[in-house]
Amino acid sequence: MHLTEFLFALPKRVFNPILFSLLPIALFGQSEIEFSIDTKVDALLSKMTLEEKIGQMNQYNGFWNVTGPSPQEGYQKEKYDHLAKGLVGSMLNVRGAKEVRAVQEVAVNQSRLGIPLIIGFDLIHGYKTISPIPLAESASWDLEAIKTSAELGAKEATAAGINWTFAPMVDITRDARWGRVMEGAGEDPYLGSLIAAARVHGFQGSDLTAPNTLAACAKHFAAYGFAESGRDYNTVDIGENTLHNIVLPPFKAAADAGVKTFMNSFNDLNGIPATADKHLQRNILKGDWGFEGFIVSDWGSLKEMVDHGYARDKNHAGELALNAGSDMDMESYIYLREIKSLLKEGKVSIEQIDDAVSRILKVKFELGLFTDPYKYCDEEREKRVTGSKEIQDAALDMAKKSIVLLKNKENLLPLKKEGQRIALIGPLANDKNSPLGNWRIAAENNSAVSVLEGLASYTGNTICHAQGVRLVDTIPAFHQEVKINTTDKSGFKAALKVAKKADVVIMVLGEYGFQSGEGRSRTKLDLPGFQQELLEEVYKVNKNIVLVLMNGRPLVLNWADAHIPVIVESWHLGTQSGNAIAQVLYGDYNPSGKLPMSFPRSVGQMPLYYNHKSTGRPGADGGDTGSVFWSHYGDEKNTSLYPFGYGLSYTNFEYSEIKLSSDVFNSNGQIEASVILKNSGKVKGKEVVQLYVHDQFASVTRPVRELKGFELVELAAGESKKISFTIGPEMLEFYSANRKWEAEPGTFTIYIGTNSATKRKANFHFN
Ligand code: BGC
């Protein structure tokens, strides 16, 4: 774009000041210059007062949908005034084309420079049309589908005025007690990294200026997923080894994928609240990784540093956060109120302020907000796009791909399509709200297709529905504790009656939609309320049970695994939930999901993850040694009930032994590892072939195995295919004792198979 075009394209308030400073250059012979975004940012910055700069670093919540505690002080009026004075850089939770236009108009038309707002929102798994919770999507291991899901979420949200999402959450999570496991990609840094990149690409697309793409945000930087005891917001204490090898890779992958923003986190990490962590933000992210976007704080995380006992007061919190590299303050009101005096006292520098503001303005320019601040505010488009067939179809596709078949004894599934009497039982069987899961702020309550509704489109069988028991007494709001029914079992009788007469019983049990998510930690991982009792009572009268689970985290399912013939993990699948489940139960979709988190045998195993270290006393092949002096529990196995990467299909897959092209290579070389995969069953199906690597000896202890490759393969019945993985030095790299990523020479074991517990292995040497 030529300078003159750029100047004239600016909104009117920006147009004047910049026009006067830059027009001469354009007029005197330099009209061919292409102005980079950096130049435009500098030009604008040079026109800003200190107050206006600080304003850009200030983010306010909208006038509804508070997602955290809010300052009270008559804040609506104050916020409005601040908008008009150019003292707000961003708002979150303002949504709808009309509403966003209204606040944008105040910023653009009333403030002196007319700098447009960037409008943030937690687009976590869909806007109005809800796709499966991120943990469920991750179970698909289908990167294309995950990317499409983010892309269509962006399409629907941008039509409602949103241009920045606080997603993807890329926190690695090993503790199912933590409610926010539903929001991420699970326990593995390799899978998590690929999914992080897929989501960033989906949200941001190939053209960030397009009206249907938005800026993404990798959060929560960093280590929020390692909250002690799985209790949300709790302290995190992990060493360098875990930080670099496990926690940081998905953040790095998001940065490499071009994510425009990062969010820091509530937790303190090794004694320093992440918001004030200079090493993380300035050294690693903005330094080593060369991140050029901006960092937003988490909700009120600046002022929470006072509660952490790290900042003396709010003023001190502002100083710490800005020095550490936090660029935007979400809802603490601290930057706005404190930076000026901090600057005067020399506690922060103008360079730091300019850097933060430049980063924020840069993203606004990259979004094209200066060219058209209202491009996301077309009410006509909003009507057309919201809930469109394209978006619904993609949500259904993603939901089917997210389902994991945990058990299918004697192939009870798929169900026969005719002549069956089916009892449909359970508090979630006709629930239209829970399947939406948590983080579905813009969705209508009760807008999901229930299992009862989904099954109704198959008309050949008779369905008898009985709720059996209520899970909650009232639908809780986003911020309220879920109150589980622990008093009323009066529905048991009716449920047992329909179960007795049925050929097959489908029981839909699990967690209420708001039982996972932020602030939703649990000490128990069982089926809440009377559900376990209901399951056992129904089992007494009819053993042909298909257990459909709806939950936002791994659960302890020992009893069900030992007794119930069929278990289907359907998570919280979103708007199209019931349709997806019905298609899977009837075999019109062959499930192919694989667990992105280990399912424990006991809550006492937490944190539980497949890529653990060996310890000095691993037991004989990880098992009993005949004495107590090895790393184990006296009352439970060490292993998970269902391991990471586990999931069944309606067909069977057979693996050949592993073939290596050579069993030795060096830093200039690579080898190929392959297996022949055969679909030996009767129907077409998909398998995720997984490759794990174990470094037998290294400068720091290495996990017993780590996922390093996978391929999602579809095979017709009877079909075989060679699946190959290239193993090069980069696959063997880790953060070593030298404090850098490198591959060390030695002997490695690889495993290729159907889940993380596979025993099929081969060894090679890396010189
Ligand atoms: C959460 C963030 C979220 C923010 C804004 C916070 O409570 O931790 O993940 O993006 O609220 O809603």
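Our subject is the structure that appears above.
A short tour of the structure in this document, coming up. (Residues numbered from 1 in each chain as written. Predicted model: local features only at pLDDT ≥ 70, side-chain atom pairs only at ≥ 80, totals over all residues. Heavy atoms only, no water.)

## Thoughts on unusual backbone geometry
Note on backbone geometry: most residues besides glycine have negative phi, and most peptide bonds are trans. What counts here: The helix and strand labels rest on DSSP assignments: H or I over at least four residues marks a helix, E over at least two residues marks a strand, and numbering proceeds from the N terminus.
The amide bond that connects lysine 219 to the next residue, histidine 220, takes the cis arrangement and shows omega of 0°. By the element assignment, histidine 220 lies in strand 5 (residues 217-221). Leucine 413 connects to proline 414 through a cis peptide bond whose omega is -5°. Following the sequence through the fold, proline 414 ends up in the loop between strand 11 (404-408) and strand 12 (421-425). Non-glycine residue tryptophan 141 carries a positive phi angle of around 50°. Relative to the helices and strands, tryptophan 141 is located in the loop between helix 7 (134-138) and helix 8 (143-158). Phi angles above zero are rare outside glycine, and serine 229 is one such case at about 60°.

## Overview of helix 19 (residues 492-500)
For clarity, the cut-off: Note on classification: 1.4 Å probe, protein chains only; a residue is buried when its accessible area is under 20% of the maximum for its type, exposed when over 50%, partly exposed between these limits. The arc in question is formed by the directions pointing from the helix axis toward the C-beta atoms.
Those residues of helix 19 that sit buried are Phe492, Ala495, Leu496, Val498 and Ala499. Buried residues along helix 19 cover an arc of 165° about the axis, so they all sit on one side. Exposed residues lying more than 90 degrees from the buried face of helix 19 are Lys493, Lys497 and Lys500.

## Quick notes on a positive patch on the surface
Rules: Patches here: salt-bridge-free residues with over 30% relative accessible area, like charges joined within 9 Å, nonpolar side chains (Val, Leu, Ile, Met, Phe, Trp, Tyr) joined within 5 Å. Surface accessibility follows the Shrake-Rupley procedure with a 1.4 Å probe radius. Residue values consider only the protein chains on display as shielding. Salt bridge, as used here: a side-chain nitrogen of Lys or Arg that lies within 4 Å of a carboxyl oxygen of Asp or Glu. In this tally, Asp and Glu contribute negative charge and Lys and Arg positive charge; neither His nor the terminal groups of the chain are included. A charged residue contributes its charge at one atom only: NZ of Lys, CZ of Arg, CG of Asp or CD of Glu.
Together, Arg421, Lys493, Lys497 and Lys501 give the surface a local cluster of positive charge. Mapped onto the elements of the fold, lysine 501 is located in the loop between helix 19 and strand 14 (504-510).

## Observations concerning the pairing of strand 13 (residues 462-466)
Rule in force here: Each pair of strands is called paired provided DSSP finds at least two bridges between the two strands. Crossover handedness is defined by viewing with both strands directed away from the observer: a clockwise path from the first strand over the helix to the second marks the crossover as right-handed.
The sheet contact formed by strand 12 and strand 13 spans five bridges and is parallel. In the sheet register, alanine 423 faces strand 13, and the bridge partner there is cysteine 464. Between strand 12 and its parallel partner strand 13, the chain crosses via helix 18 (residues 451-456), and the hand of that crossover is right-handed.

## Re the sheet that holds strand 14
Definition in use: The angle between two axes is taken between their N-to-C directions and runs from 0 to 180 degrees, where each axis is a line fitted to C-alpha atoms and a helix contributes only its stretch in contact. Whether two residues are in contact is decided by their heavy atoms: any pair within 4.5 Å suffices.
The strand order 11-16-15-14-12-13 describes an open sheet built from six strands, whose pairing is mixed. With partners counted over all chains shown, the strands left at the sheet margins are strand 11 and strand 13, one partner each. Taken pair by pair, the neighbouring strands of this sheet meet at an average axis angle of 15°, ignoring direction. Seen against the sheet, helix 20 (residues 531-541) touches strand 12, strand 14 and strand 15 (545-550) and runs at an angle of roughly 170° to strand 14.

## Considering the packing of helix 8 against helix 9 (residues 189-204)
Applied cut-off: Less than a right angle of anticlockwise turn of the near helix away from the far helix marks a crossing as left-handed, whereas a clockwise turn marks it as right-handed. For this classification, the nonpolar set comprises Ala, Val, Leu, Ile, Met, Phe, Trp, Tyr, Cys and Pro, the charged set comprises Asp, Glu, Lys and Arg, and every other residue, Gly included, is treated as polar.
Closest axis-to-axis distance for the helix 8/helix 9 pair is 7 Å, and the angle between their directions is 35°. Crossing hand, helix 8 versus helix 9: right-handed. Contacts from Leu143, Ile146, Lys147, Ala150, Glu151 and Ala154 of helix 8 reach helix 9 at Leu194, Ile195, Ala198, Arg199, His201, Gly202 and Phe203. Here the residues of the contact of helix 8 with helix 9 sort into eight nonpolar, two polar and three charged.

## Describing the packing of aromatic side chains
Within a pair of aromatic rings, the relevant descriptors are the distance that separates the centres and the angle that separates the planes. The test is simple: A pair of Phe, Tyr and Trp rings is counted when the ring centres sit within 6.5 Å of each other, with Trp represented by its six-membered ring. The angle between the planes then sorts it: under 30 degrees is stacked, over 60 is edge-to-face, the rest tilted.
The tally for this structure, following the rule as stated, stands at 29 aromatic pairs. Ring geometry for tryptophan 164 and phenylalanine 294: centres 5.1 Å apart, planes at 70°, overall edge-to-face. Note that tryptophan 164 is positioned in strand 4 (residues 164-165) and phenylalanine 294 in strand 9 (residues 294-296), a separation of 130 residues in sequence. Overall, phenylalanine 294 belongs to the buried group, its relative accessible area being 0%. Ring geometry for phenylalanine 748 against phenylalanine 766: centres 6.5 Å apart, planes inclined by 75°, an arrangement best described as edge-to-face. Residue phenylalanine 748 is found in strand 26 (residues 746-753), and its partner phenylalanine 766 is found in strand 27 (residues 761-766); the two are separated by 18 residues along the sequence. When sorted by exposure, phenylalanine 748 lands in the same class as phenylalanine 766, which is buried.

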